[in-house]
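If you want the building blocks of each chain, they are given just below.
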Amino acid sequence: QVKLVESGGGLVQPGGSLRLSCAASGITLDYYAIAWYRQAPGKEREGVSCLNNHDGGAFYADSLKGRFTASRDNAKSTFYLQMNYLEPEDPAVYYCAAVVDSSCLLGVPSYYGMEHWGKGALVTVSS
């Protein structure tokens, strides 16, 4: 019974920061690559980040490099997405996801490659 649960979404002003958390249960996180995706209204789901466990490979969407940082705490079965300098273009539902480890190879995989999903957390950016 795998479950991923996001938390930490909310409203932030432009330039502000949020940290999303994803609590995982039913899996041993050490064996999984973890990822974040987002979907804005009227747009397709897009990859945000992908982070392997064993080899430490990390990938981000080109437009988000330097602003968003993924991390993980396997002992707590939790992983995170730190979002800094949020812009009006960033509001979306953010989803955490997991897939067999070392699946992050050349970039963030297409969303349909993920095995497990959270239900999403809404992030809004407004003045």
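Everything that follows concerns the structure shown earlier in this document.
Below you will find a few notes about this structure. (Residues numbered from 1 in each chain as written. Predicted model: local features only at pLDDT ≥ 70, side-chain atom pairs only at ≥ 80, totals over all residues. Heavy atoms only, no water.)

## Looking at the pairing of strand β5 (residues 46–51)
Inspection of the sheet shows strand β4 (residues 32–39) paired to β5 by five bridges, in the antiparallel sense. Within the sheet, the bridge partner assigned to Tyr37 lies in β5 and is Gly47. Where β4 folds back onto β5 in an antiparallel hairpin, the turn is made up of six residues, including Gly42, whose phi is positive at roughly 80°. Across three bridges, the pairing between β5 and strand β6 (residues 58–60) is antiparallel. (Pairing = 2+ DSSP bridges. Helix = DSSP H or I, 4+ residues; strand = E, 2+ residues; numbered from the N terminus.)

## Points about the nonpolar core
Counting 29 residues, the largest nonpolar core has Leu20, Trp36, Phe68, Leu81, Met83 and Tyr94 as the members making the most contacts within it. Only β3 (18–25), β4, β5, β7 (68–73), β8 (78–83), β9 (92–100) and β11 (121–125) provide two or more residues apiece to this core. If sequence neighbours within four positions are ignored, Met83 has contacts with Gly16, Ser17, Leu18, Leu20, Arg67, Phe68, Tyr94 and Val123. Ranked by size, the runner-up nonpolar core spans eight residues in total, among them Ala33, Tyr37, Cys50 and Cys104. (Core = buried A, V, L, I, M, F, W, Y, C linked by side-chain atoms within 4.5 Å. Buried < 20%, exposed > 50% of the residue type's maximum accessible area, 1.4 Å probe, protein only. Contact = heavy atoms within 4.5 Å.)

## What about the pairing of β3?
Here five bridges tie strand β1 (residues 3–7) to β3, and the two strands are oriented antiparallel to one another. Paired with Glu6 across the strands is Cys22, a residue of β3. Alignment of β3 against β8, held across six bridges, turns out to be antiparallel. From the neighbouring strand, Leu18 faces β8, where its bridge partner is Met83.

## Some words on the state of the cysteines
For the structure on display, the rule yields two disulfides. A sulfur-sulfur separation of 2.1 Å characterises the disulfide bridge that pairs Cys22 with Cys96. Handedness of the Cys22-Cys96 disulfide follows from its S-S torsion of about 55°: it is right-handed. Linking Cys22 in strand β3 with Cys96 in strand β9, this pair joins segments that are 74 residues apart in sequence. Taken individually, Cys22 and Cys96 each receive the classification buried, so the pair is uniform in this respect. Each disulfide pairs two cysteine sulfurs, and for Cys50 the partner residue is Cys104, the sulfurs being separated by 1.8 Å. Here Cys50 and Cys104 share a disulfide; its torsion about the S-S bond, -70°, makes the bridge left-handed. (Disulfide = S-S within 2.5 Å.)

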